[in-house]
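Given next are the chains, with one letter for each unit.
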Amino acid sequence: MPPDSATLTDTPIAATRHSEWRAALVRLSLASLALVALASREWGEMLHIWWNSDSYSHILLVPPIIAWLVWIRREDAAQVTPRGWWPGLAVVAAALGLWLAGRSTGLNLLAHAGAVAMLPAATLALLGPRVGALLALPLGFAAFLVPFGDEIVPPLQYLTAEMAIALTHMVGVAAWIDGIYIHTPAGLFIVAEACAGVHFLIAMVALGVLTCFTSFASWRRRALFMAACVVVPILANGIRAWATIYIAQFIGAEAAGGFDHIVYGWIFFALVVALILGVAWRWFEREPEEAGWSLEELRGSVLLAALERRSGGTRVLLLATLALAAGAAALAFALPTG
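Below is a summary of the structure that appears in this document. What you see is a predicted model, and the numbers here were worked out from it, not measured in a lab.

### Details of helix H3 (residues 62-71)
So, step 1. When H3 is considered as a whole, its buried residues turn out to be Val62, Ile66 and Leu69. Viewed end-on, H3 has its buried residues packed into an arc of 60 degrees, placing them on one side of the element.

Have a look at this one:
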């Protein structure tokens, strides 16, 4: 029996695409190494924060999550031809500019954001908009590598204090509040920065984004779930602060504080996550492998076809990306740092 003609046709195409992917990934790896080396100071700072700060230790889970999100789309990616994309250089330049702005002004948030943004930008420039659309979720999720949230600590401290004092009055405990200081018969309680619940909130937002795009297709359900991931942790943190104050009226402030750190650090966080996911579970609409645009949608996209008219060779795009990085390095050396 003669071999299937489709197999004869597809085999050289698949082999060619595999070769193109291998070359493109090698060039992307070289560009990524150069960009990480360029922003090595910022990556070192972020690694230190992830490892040593309880508020940001959840970020250590983000790289494996990104790798998993890429892995589950690997078969679809193999059906797409990677192509260099000239407009992607503008995205690389914007990321480098953000990094330089953070360096020169001393704003770590900008410098860290620019350092992280360089990698998705390079992916877009060297692999093209079609691959970028296919991997939009893992590329976008890289934003959670940036340690952020310190800016909202003060308002969360005051909000937590107000919720705690309201609940304390509701249960009949005599107390009065002065900013973030709560005075009770058992002693003085301070809603410190660590008690504002920022690390809990940021971790829940990251989990919310991941769940929204891997388990929901409806934008309405995504919006409702994200709202829950913001509101529930804030309310839960207020309840946790109140519970500490209330328990202290019976066992003392010092013992209640120790109990609070144990419960909130492990059990309370797990219970809130389980509650949110458990309630939302019945409305999940798809499996994680179905996240993002399908191959059929990408192939039929008129916008992507128009964007790909500005495609170029990955070798030339690699050299252009390295040239931009070299220029940014020269500017970083010349500009005063904040």
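### Focus: the environment of Leu30
So, step 1. Mapped onto the fold, Leu30 is located in helix H1 (residues 5-38).
So, step 2. Exposure remark for Leu30: the relative accessible area of 46% places this residue in the partly exposed category.
So, step 3. Considering only alpha carbons, one finds Leu30 and Leu322, 292 residues apart in sequence, at a separation of 9.0 Å.

### Some details on the pairing of strand S4 (residues 187-190)
Residues in a regular strand project their side chains so that they alternate between the two faces of the sheet.
So, step 1. Relative to S4, strand S3 (residues 181-184) runs antiparallel, the two being bridged by four bridges. Its bridge partner lying in S4, His183 is registered against Leu188.
So, step 2. In this antiparallel pair of consecutive strands, S3 and S4, the connection spans two residues.

### Some words on the packing of aromatic side chains
So, step 1. Throughout the structure, instances matching the rule amount to seven aromatic pairs.
So, step 2. Pairing Trp281 with Phe284 gives two aromatic rings, centres 5.4 Å apart and planes at 35 degrees, and the pair type is tilted.
So, step 3. We classify Phe284 as partly exposed; its relative accessible area is 24%.
So, step 4. Put simply, the rings of Phe216, Phe225, Trp281 and Phe284 touch in pairs and so form one group of aromatic residues.
So, step 5. Geometry around Trp71 places Arg74 over its ring, the cationic atom sitting 3.9 Å from the centre.
So, step 6. Of note, Arg282 hangs over the ring of Trp283, and the distance from its end group to the ring centre comes to 4.8 Å.

### Observations concerning the pattern of salt bridges
So, step 1. Applying the stated criterion across every chain yields a total of seven salt bridges.
So, step 2. Put simply, Arg41 and Glu45 hold a salt bridge, and the shortest N to O gap is 4.0 Å. Placement of the pair is Arg41 and Glu45 together in helix H2 (residues 40-52), with a separation of four residues, close to one helical turn.
So, step 3. By relative accessible area, which is 42% here, Arg41 ends up partly exposed.

### Thoughts on the state of the cysteines
So, step 1. Going through the model one piece at a time under the given rule, you end up with zero disulfides.
So, step 2. Unpaired in terms of disulfides, Cys229 finds its nearest cysteine sulfur in Cys212, a separation of 6.5 Å.

### Quick look at the packing of H2 against helix H6 (residues 108-127)
So, step 1. Their axes nearest at 9 Å, the elements H2 and H6 cross at an angle of 105 degrees. It follows from the interaxial angle that H2 and H6 lie roughly perpendicular. Contacts between H2 and H6 involve Glu42, Trp43, Glu45, Met46 and Ile49 on the former and, on the latter, Asn108, Ala111, His112, Ala115, Val116 and Leu119.
So, step 2. Class assignment for the residues of the contact of H2 with H6 results in seven nonpolar, two polar and two charged.

### Some words on the sheet that holds S4
So, step 1. Strand order in the open sheet made by the three strands is S2-S3-S4, with antiparallel pairing throughout. The sheet is open, and its two edges are formed by strand S2 (176-178) and S4, each paired on a single side. Between one strand axis and the next, the sheet turns by 25 degrees as a mean value, whatever way the strands run.
So, step 2. In terms of strand pairing, S2 meets S3 through three bridges, oriented antiparallel. The residue of S3 that forms the bridge with Asp178 is Tyr181.
So, step 3. Each of S2 and S3 is contacted by helix H9 (residues 153-170), which is oriented at about 170 degrees to S2, the strand it contacts most.
So, step 4. Packed on one face of the sheet, helix H11 (residues 219-251) meets S3 and S4 and runs near 160 degrees to S4.

### Some details on empty space enclosed by the protein
So, step 1. What the rule picks out here adds up to two cavities of 30 Å³ or more.
So, step 2. Taken as a whole, the largest cavity holds about 50 Å³ of empty space.
So, step 3. Taken together, Leu69, Ile72, Arg73, Leu134, Leu137, Pro138, Ala291 and Gly292 make up the lining of the largest cavity.
So, step 4. Considering only residue class, the lining of the largest cavity consists of six nonpolar, one polar and one charged.
So, step 5. Counted as a void, the second largest cavity has a volume near 30 Å³.
So, step 6. In terms of lining residues, the second largest cavity is bounded by Leu156, Thr160, Ala196, Gly197, Leu201, Pro233, Ile234 and Asn237.

Conventions adopted
- Residues numbered from 1 in each chain as written.
- Predicted model: local features only at pLDDT ≥ 70, side-chain atom pairs only at ≥ 80, totals over all residues.
- Heavy atoms only, no water.
- Buried < 20%, exposed > 50% of the residue type's maximum accessible area, 1.4 Å probe, protein only.
- Helix = DSSP H or I, 4+ residues; strand = E, 2+ residues; numbered from the N terminus.
- Arc of directions from axis to C-beta.
- Pairing = 2+ DSSP bridges.
- Phe/Tyr/Trp six-rings, centres within 6.5 Å; stacked < 30°, edge-to-face > 60°.
- Lys NZ or Arg CZ within 6 Å of the ring centre and 35° of its normal.
- Salt bridge = Lys/Arg side-chain N within 4 Å of Asp/Glu carboxyl O.
- Disulfide = S-S within 2.5 Å.
- Axes fitted to C-alpha atoms, helices over the stretch in contact; angles between N-to-C directions.
- Parallel < 35°, antiparallel > 145°, perpendicular 65-115°, else oblique.
- Contact = heavy atoms within 4.5 Å.
- Nonpolar A, V, L, I, M, F, W, Y, C, P; charged D, E, K, R; others polar.
- 1 Å grid on protein atoms, 1.4 Å probe; cavity = no way out; pocket = protein on both sides within 12 Å on 5 of 7 lines; lining within 4 Å.
- Points joined across faces, edges and corners; volume = space filled by probe spheres on them.

Don't take any of this as a statement about function, it's just geometry.
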